Amino acid sequence: MIVAAGPVIPNFGRGSPCEVNNGTFCTDWVRAHWSDTLQPALVQHIELALIAVAIGFAIAFLLALVGLRVRVLDAPIGYWADFLYTIPSLALFQLLVPITGITVLTVEIALVSYTLLVLYRNMVEGLRAVPAEVIESARGAGFTRTQTFLRVELPLATPAIMAGVRIATVSTISIATVAAFVIPKGLGYPLFIALREDVFKTEIFAAGALAVALALTADALLHLLERALTPWTRRVRHA
Amino acid sequence: MTTLADQFQPGTFVDALRFIVDNVGFLLHLAGEQLELSFAAIGIALVLALPLGLWLGHKHRGLFLAASVSNVGRALPSLVLIAIGLVVFGLGFWNNTAALVVLAVPPILTNAYFAVDGVDPDVVEAARGMGLSEREVLTQVELPLGLPLVVAGIRIATIFVIATATIASIAGGGGLGDVIVNQASYGLAGVVGAALCVSLLAFLAAMLLGLLHRAVSPRHGSGA
């Protein structure tokens, strides 16, 4: 099932004494294989996650508009998103393979599916929490429906929406490691190879640390973006 | 190079269902293995995280801990945990159990904390005024009121654990993942069949805990 293509991962029978003895962390291996193994995997991982969160955001946003407008659909959409969320990632990847093959598409469909629950819930709850009086006064001030939505409701719901985006992004970066079971891409791939090759520790720690660091960095960047998007919340925030 | 796509046939799902029917006993055995591993991990995580989360919430202390445990927990990829479990503990019972426990603790701990921390302070004061001890306040007032959120945390932890227990098969965890990662032996129909089974297993577990969540939630809840 693992495609025997992609970067050539050296087995640790060769190389430095540290590598041969499978030492806990061989910095020389990391230096030697940063550019042919770790860096490409990191870049692919970022791509996988970015695409998934962007598409998930667009779909969840459309669903939220539908769920808010047509209230009877809110519960079914929520249940569907929750149902998708419960399917184990490894299983969902494999269930899609007969339909979309061993492609990035398969991986993205699964990753997008997992973002929908938290994005949808946070969007609906954030938009629903906007007080009716605020919307009324905007309408009273002569705003059209669209203007009210874009200039009043959406900004007020931004903290909730961004909280959802942060959770979805971090989770997607985490789940994207499992994509290596289907396609030889992302930080899961060196991990997977290292597990196969008698548990090569350096590669596991290096790829694992990169995945965690990527998730935490993305979370911090999104937090900064959230603050930039909602400058008015800083005055009332009790730090 | 053989890929799954080369073997694509419209009847894959039919073949998968046939595989399930033909191998019911084997699949049930694997599902049992997977549930055993999952229950062990959730049980240990509950013992570790639930009392701590409830106690911290009761004292309204450790907000930073509760919040960062959940943030960091989410950032730890399950595959990384499985791999590191294998490095630290070697092949055996503990490598996967430990990885799954680490995964299950954050949602249980954080939800338990916020469940108790968020209980109306007036209600807690009233209970103290009636002469309830601190322990009684926690077990008879705060815990029942916060129970929906506590159960929601356990539900999320269970979904994570069952999903990751599937991946754990590459580190000797057994379970239905054994079939999913071994296409060479079981063919695409077997892989898809086992994936269907594991999805059903996760769905049933999530549904049961969802029903429990509903049972402990107030009928006309104020959005707890």
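Note that this is a predicted model, so its numbers are computed, not measured.

Regarding its fold elements, chain B presents 9 helices and 0 strands. In chain B, the succession of α and β elements from N to C terminus is α-α-α-α-α-α-α-α-α. In terms of principal-axis extent, the alpha carbons of chain B reach across some 70 × 40 × 25 Å. Across the 224 residues of chain B, 49% fall into the buried class.

The residue B:H60 is not glycine, and still its phi comes out positive at about 55°. Looking at the element boundaries, B:H60 is found in the loop between α2 (24-59) and α3 (63-75).

All right, on to the interface of chain A and chain B then. At the interface, 38 residues of chain A touch 40 residues of chain B. Of all elements in the fold, only α3 (71-86), α4 (89-100), α7 (145-175), α8 (188-196) and α9 (201-229) of chain A reach the threshold of two or more residues within the side of chain A that touches chain B. It is α9(A) that contributes the most residues to the side of chain A that touches chain B, 8 residues altogether. Split by residue class, the side of chain A that touches chain B holds 27 nonpolar, 9 polar and 2 charged.

Moving on: the confidence of the model for chain B. All names here are of chain B. Overall, the predicted model of chain B reaches an average pLDDT of 88, with 93% of residues at or above 70. Ranking the elements of chain B by mean pLDDT puts α3 last with 86 and α2 first with 94. For this predicted complex, the interface score ipTM comes out at 0.85, alongside a pTM of 0.86.

Moving on, we get to the packing of α7(A) against α9(A). Residue and element names in this part refer to chain A. One can describe the packing of α7 onto α9 by two numbers: an axis separation of 9 Å at closest approach and a directional angle of 165°. Considering the angle they form, α7 stands roughly antiparallel to α9. Our pair here, α7 against α9, has a crossing hand that is right-handed. Side by side, α7 and α9 meet where T158, P159, M162, V165, R166, T169, V170, I173 and S174 of the first sit next to A211, L214, A215, A218, D219, L222, H223, E226 and L229 of the second.

Here we come to α4(A). Each turn of an α-helix holds 3.6 residues, which means side chains three or four residues apart point in the same direction. Residues and elements named next belong to chain A. Between its first and last C-alpha, α4 extends 16 Å over 12 residues, near the 16 Å set by a 1.5 Å rise per residue. The element α4 is largely enclosed, with a buried count of 10 among its 12 residues. Within α4, the full set of buried residues consists of S89, L90, A91, L92, F93, Q94, L95, L96, V97 and P98. Looking one or two places after α4, you find G101, whose phi comes out positive at around 75°.

Right, let's talk about the nonpolar core for a bit. Formed by 136 residues in total, the largest nonpolar core has its most connected members in A:F93, A:Y120, A:L191, B:A83, B:A104 and B:V161. When residues of this core are assigned to their parent elements, the largest contribution, 17 residues, is made by helix α7 (residues 134-167) of chain B. Sequence-distant contacts of B:A83, that is, excluding residues within four places in its chain, are made with A:L191, A:A194, A:L195, A:I204 and A:G208.

Before going further, it helps to spend a moment on the environment of B:G172. All names here are of chain B. Inspection of the secondary structure puts G172 in the loop between α7 and α8 (177-180). Residue G172 is classed as partly exposed on the basis of its 14 C-beta neighbours within 10 Å. C-alpha of G172 to C-alpha of M207: the two residues are 35 residues apart in sequence and 28 Å apart in space.

Residues and elements named next belong to chain B. Taken N-terminus to C-terminus, the directions of α2 and helix α9 (residues 183-216) make an angle of 45°; their axes are 11 Å apart at the nearest point. Viewed along their axes, α2 and α9 adopt a mutual orientation that is oblique. Judged by the twist between their axes, the crossing of α2 over α9 is right-handed. Together, L27, A31 and Q34 of α2 and A194, C197 and L201 of α9 make up the contact between the two elements. Counted by class, the contact of α2 with α9 contains 5 nonpolar, 1 polar and no charged residues.

What counts, and at which threshold
- Residues numbered from 1 in each chain as written.
- Chains lettered and ligands numbered in written order.
- Predicted model: local features only at pLDDT ≥ 70, side-chain atom pairs only at ≥ 80, totals over all residues.
- Helix = DSSP H or I, 4+ residues; strand = E, 2+ residues; numbered from the N terminus.
- Buried ≥ 20, exposed ≤ 12 C-beta atoms within 10 Å, placed from the backbone.
- Contact = placed C-beta atoms within 7 Å.
- Nonpolar A, V, L, I, M, F, W, Y, C, P; charged D, E, K, R; others polar.
- pLDDT = per-residue confidence, 0-100.
- Axes fitted to C-alpha atoms, helices over the stretch in contact; angles between N-to-C directions.
- Parallel < 35°, antiparallel > 145°, perpendicular 65-115°, else oblique.
- Left-handed = near helix turned anticlockwise from the far one by under 90°.
- Expected span 1.5 Å × (residues − 1).
- Core = buried A, V, L, I, M, F, W, Y, C linked by C-beta atoms within 7 Å.

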